[in-house]
Amino acid sequence: TGADFPPDVQFDRITDHPGEPDGAGGPGSMLSRPEGCANALTNVIAKSAERGPGSATKYAVSYDGVRIVMNVLSWPLDLAQLEAAANRCASFEALFDPNSEGIPITTTRLPGVEDGALAYQQTMQLQGSPSSVYMAFQNIGSLAMFGIAFPAADPRIEAKASLPQTFLDVVAKQAAKIRSF
């Protein structure tokens, strides 16, 4: 809940529309070389997803410097498949169309999470300039969680963040909260 964060952090609960597939209304996945890498981790989660009321809850927290979206699930993630997908897609190119020049993307393991958890930094090179997102996945008992963090400057928010540390702190805090249930 918002009470779990300092008062100057922006907290928003995210409500999905029941019966609507994940990503409905949004753009499709980009093409990639090797095929399927642009959406590999999302596809692993979607294959094992349970749907319906109470199957998941989502929230976003925003700091000046990062926007983090966390998902708490009532079912376990297939961490072995997530790790295999990340390894398969350690280096790939995203494409706007089959004839376009690829955008180089790397997926690297991110240290600093608990044993048994997975965390990655995915970095794309846009015109020679790196841009990264951060992801973490963890099973805790019969529940699971995953999160993603995007760099996002917002000087209107007083709480400052640095990546990846603020993201890793939020992930650890969420894991502790799940364990306390």
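Quantities reported herein were computed from a predicted structural model and do not represent experimental measurements.

**Overview of the pattern of salt bridges**
Move 1: Counting across every chain of the model gives 6 salt bridges.
Move 2: Between Glu114 and Arg179 there is a salt bridge, with its nearest N and O atoms 2.4 Å apart. In this pair, Glu114 sits in the loop between β6 (103-109) and β7 (118-126) while Arg179 sits in helix α3 (residues 165-179), placing the two residues 65 residues apart along the sequence.
Move 3: With a relative accessible area of 31%, Glu114 lands in the partly exposed category.
Move 4: Arg179 sits in the partly exposed class, given a relative accessible area of 46%.
Move 5: Of the charged contacts in the structure, one is a salt bridge between Asp154 and Arg156, with a shortest N-O distance of 2.9 Å.
Move 6: Assessed through its relative accessible area of 74%, Arg156 is described here as exposed.

**Some remarks on the state of the cysteines**
Move 1: Evaluation of the coordinates by the stated rule reveals 1 disulfide.
Move 2: Here Cys37 connects covalently by a disulfide to Cys89, the sulfurs 2.0 Å from one another. The chirality of the disulfide connecting Cys37 with Cys89 is left-handed, given an S-S dihedral of about -80°. Here Cys37 is found in the loop between β2 (31-33) and α1 (40-48), whereas its partner Cys89 is found in the loop between α2 (79-88) and β5 (91-95), with 52 residues between them in sequence.
Move 3: Since its relative accessible area comes to 3%, Cys37 is described here as buried.

**Things to note about the nonpolar core**
Move 1: Counting 24 residues, the largest nonpolar core has Val61, Tyr63, Ile68, Met70, Phe167 and Val170 as its most contacted members.
Move 2: Elements that contribute at least two residues to this core include exactly β3 (56-63), β4 (65-73), β8 (129-140), β9 (143-152) and α3.
Move 3: Considering every element that reaches this core, the biggest residue donor is α3, with 6 residues.
Move 4: In contact with Val170, not counting residues within four places along its chain, are Phe5, Tyr59, Val61, Tyr63, Ile68 and Met70.

**Overview of the packing of α1 against α2**
Move 1: The N-to-C vectors of α1 and α2 enclose an angle of 160°; their axes lie 9 Å apart at closest approach. In terms of orientation, α1 and α2 fall into the roughly antiparallel class. As for the relative orientation of α1 and α2, their crossing is right-handed in sense. On α2, the residues that touch Ala40, Leu41, Val44 and Ile45 of α1 are Gln81, Leu82, Ala85, Ala86 and Arg88.
Move 2: Each residue belonging to the contact of α1 with α2 can be placed in one class, and the counts come to 7 nonpolar, 1 polar and 1 charged.

**With respect to unusual backbone geometry**
Move 1: Between Arg33 and Pro34 the backbone carries a cis peptide bond, its omega angle lying at -5°.
Move 2: Inspection of the secondary structure puts Pro34 in the loop between β2 and α1.
Move 3: In this model, Leu163 is joined to Pro164 through a cis peptide bond whose omega is 5°.
Move 4: Residue position: Pro164 is located in the loop between β9 and α3.

**Overview of the environment of Thr57**
Move 1: Position of Thr57 relative to the elements: it lies in strand β3.
Move 2: With 28 residues separating them along the chain, Thr57 and Ala85 place their C-alpha atoms 24 Å apart.
Move 3: Engagement of the side chain of Thr57 in a polar contact is seen with the side chain of Arg13, the distance being 3.1 Å.

**Quick look at the packing of aromatic side chains**
Move 1: Taken as a whole and judged by the stated rule, the model has 4 aromatic pairs.
Move 2: Between Phe5 and Tyr59, the ring centres sit 6.2 Å apart and the planes meet at 55°, which makes this aromatic pair tilted. Here Phe5 is found in the segment before β1 (10-14), whereas its partner Tyr59 is found in strand β3, with 54 residues between them in sequence. Taken individually, Phe5 and Tyr59 each receive the classification buried, so the pair is uniform in this respect.
Move 3: Both rings, one in Phe137 and one in Phe146, keep their centres 6.3 Å apart while their planes meet at 25°; by these two values the pair is stacked. The burial state of Phe137 is the same as that of Phe146; both residues are buried.
Move 4: Members of the aromatic cluster, each reached through a chain of ring pairs, are Phe5, Phe11 and Tyr59.

Procedures and definitions
- Residues numbered from 1 in each chain as written.
- Predicted model: local features only at pLDDT ≥ 70, side-chain atom pairs only at ≥ 80, totals over all residues.
- Heavy atoms only, no water.
- Salt bridge = Lys/Arg side-chain N within 4 Å of Asp/Glu carboxyl O.
- Helix = DSSP H or I, 4+ residues; strand = E, 2+ residues; numbered from the N terminus.
- Buried < 20%, exposed > 50% of the residue type's maximum accessible area, 1.4 Å probe, protein only.
- Disulfide = S-S within 2.5 Å.
- Core = buried A, V, L, I, M, F, W, Y, C linked by side-chain atoms within 4.5 Å.
- Contact = heavy atoms within 4.5 Å.
- Axes fitted to C-alpha atoms, helices over the stretch in contact; angles between N-to-C directions.
- Parallel < 35°, antiparallel > 145°, perpendicular 65-115°, else oblique.
- Left-handed = near helix turned anticlockwise from the far one by under 90°.
- Nonpolar A, V, L, I, M, F, W, Y, C, P; charged D, E, K, R; others polar.
- Polar contact = N/O pair within 3.5 Å; in protein donor to acceptor, adjacent residues only side chain to side chain.
- Phe/Tyr/Trp six-rings, centres within 6.5 Å; stacked < 30°, edge-to-face > 60°.

Fair warning: the whole summary comes from geometry, so function is off the table for now.
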